[in-house]
Amino acid sequence: MIVVFILIALALIVLIVLVSNIKIVPQAKAYTIERLGSYQGTWQTGLHFKIPLIEKIARKVTLKEQVVDFEPQPVITKDNVTMQIDTVVYFQITDPKLFTYGVENPMAAIENLTATTLRNIIGDLELDETLTSRDVINTKMRTILDEATDAWGIKVNRVELKNIIPPKAIQESMEKQMKAERERREAILVAEGQKQSAILVAQGEKESMVLRADAKREAQIKEAQGQAEALMTVQKALADSLELLNKAAPNDQVIRLKALEAFAKAADGKATKIIIPSEIQGLAGLATSLEEVWHTETPKA
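Residues numbered from 1 in each chain as written. Predicted model: local features only at pLDDT ≥ 70, side-chain atom pairs only at ≥ 80, totals over all residues. Heavy atoms only, no water.

A. Spotlight on a negative patch on the surface. On the surface, Asp79, Glu126, Asp128 and Glu129 cluster together to form a negatively charged patch. Among the secondary structure elements, Glu126 is positioned in the loop between helix 3 (106-122) and helix 4 (127-132). (Patch = residues over 30% accessible without salt bridge, like charges linked within 9 Å, V, L, I, M, F, W, Y side chains within 5 Å. Areas by Shrake-Rupley, 256 points an atom, 1.4 Å probe, with all protein chains shown as cover. Salt bridge = Lys/Arg side-chain N within 4 Å of Asp/Glu carboxyl O. Lys, Arg positive; Asp, Glu negative; His and termini not counted. Charge placed at Lys NZ, Arg CZ, Asp CG, Glu CD. Helix = DSSP H or I, 4+ residues; strand = E, 2+ residues; numbered from the N terminus.)

In structure tokens form, the structure reads like this:
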């Protein structure tokens, strides 16, 4: 019985050891395996079995892109201005073996490499260039870091300057400069607004004057057209009357009577001198003679 229990115990121990050495590598992970202290291989995603007491997992590596935010680093510009700059590095492990054996502490190595690279780049730039050349600095740092980390099995995808913190005195000076610039722009906008307002007012007055002139001209044209139409109507009426008079074939006595009527109308005015045509004088004499004859022939009562 004792032998049976010992065999069962040994079997259980072997089973436990075997089960414990069955490893499952999850997605986006890789395991570097050492056999008797030397690199044996890299396990990718899936089911694997590790030989007990002979093989061991040297490092579990994630293949996903990682983001590391480094603390602000003091840097000095070309014009001797000290500022604080913190960086964000986006990287991805492409070779688990190089990442495991290429450098002792990859994160510390990347941080130190980032700091030294940043100091070298900023040392060639002045303050104004540093503040306005973020894209240039990011591109240079990414290129340098990517080349340097190839030996560590790391690919640097992006490098971003998170914050650029100049000295307090520089910040105050920049704020004053920005305030002055905003005031200058405000003054320019106000002046432009006043200018546009004056132009619009002048244009309005000009258009108003043009409209008034057009209205006056139209009124004068209408008035002249009305007078012309009235004159044409009078002339047409006179012409019609003459035409009717000609059709009636008047004799000399009728014509003289019409002339006498016209003279009476003229004499009824306020004129102080009246020139009497000879025809009318004869007609007046004729009228006097007729009146005398009338009185002679009429019997006295």
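Once the structure has been displayed, the description carries forward.
B. Molecular detail of the environment of Val67. On the secondary structure map, Val67 appears in strand 6 (residues 66-69). The spatial distance from the C-alpha of Val67 to the C-alpha of Tyr90 is 4.7 Å, given a sequence separation of 23 residues. The contact partners of Val67, leaving out residues within four places of it in the chain, are Val88, Val89 and Tyr90. (Contact = heavy atoms within 4.5 Å.)

C. Here's a closer look at helix 5 (residues 134-149). If you check helix 5, its first and last C-alpha atoms are 22 Å apart, about what 16 residues at 1.5 Å a residue would give, namely 22 Å. Here the buried face of helix 5 lies against strand 8 (82-93), helix 3, helix 4 and strand 9 (154-165). (Expected span 1.5 Å × (residues − 1).)

D. Geometry of the side chain of Asn21. Structurally, Asn21 is set in the loop between helix 1 (2-20) and strand 1 (22-25). Once residues lying within four places of it in the same chain are set aside, the contact partners of Asn21 are His48, Phe49, Lys50, Ile51 and Pro52.

E. Spatial organisation of unusual backbone geometry. Non-glycine residue Leu36 carries a positive phi angle of around 50 degrees. Within the element layout of this structure, Leu36 appears in the loop between strand 2 (29-35) and strand 3 (38-43). Overall, Leu36 belongs to the exposed group, its relative accessible area being 69%. One non-glycine residue, Asn80, lies in positive phi territory at about 60 degrees. Among the secondary structure elements, Asn80 is positioned in the loop between strand 7 (73-76) and strand 8. (Buried < 20%, exposed > 50% of the residue type's maximum accessible area, 1.4 Å probe, protein only.)

F. A look at the sheet that holds strand 3. The strand order across the open sheet built from 3 strands is 3-2-5, with neighbouring strands paired in antiparallel fashion. Taken across any chain shown, the strands that pair with only one partner, and hence form the sheet edges, are strand 3 and strand 5 (55-62). On average, each strand axis in the sheet is inclined to that of its neighbour by 25 degrees, with strand direction left out of account. Bridge count between strand 2 and strand 5: 7 bridges; the pairing is antiparallel. Counterpart to Arg35 in the pairing with strand 5 is Glu55. (Pairing = 2+ DSSP bridges. Axes fitted to C-alpha atoms, helices over the stretch in contact; angles between N-to-C directions.)

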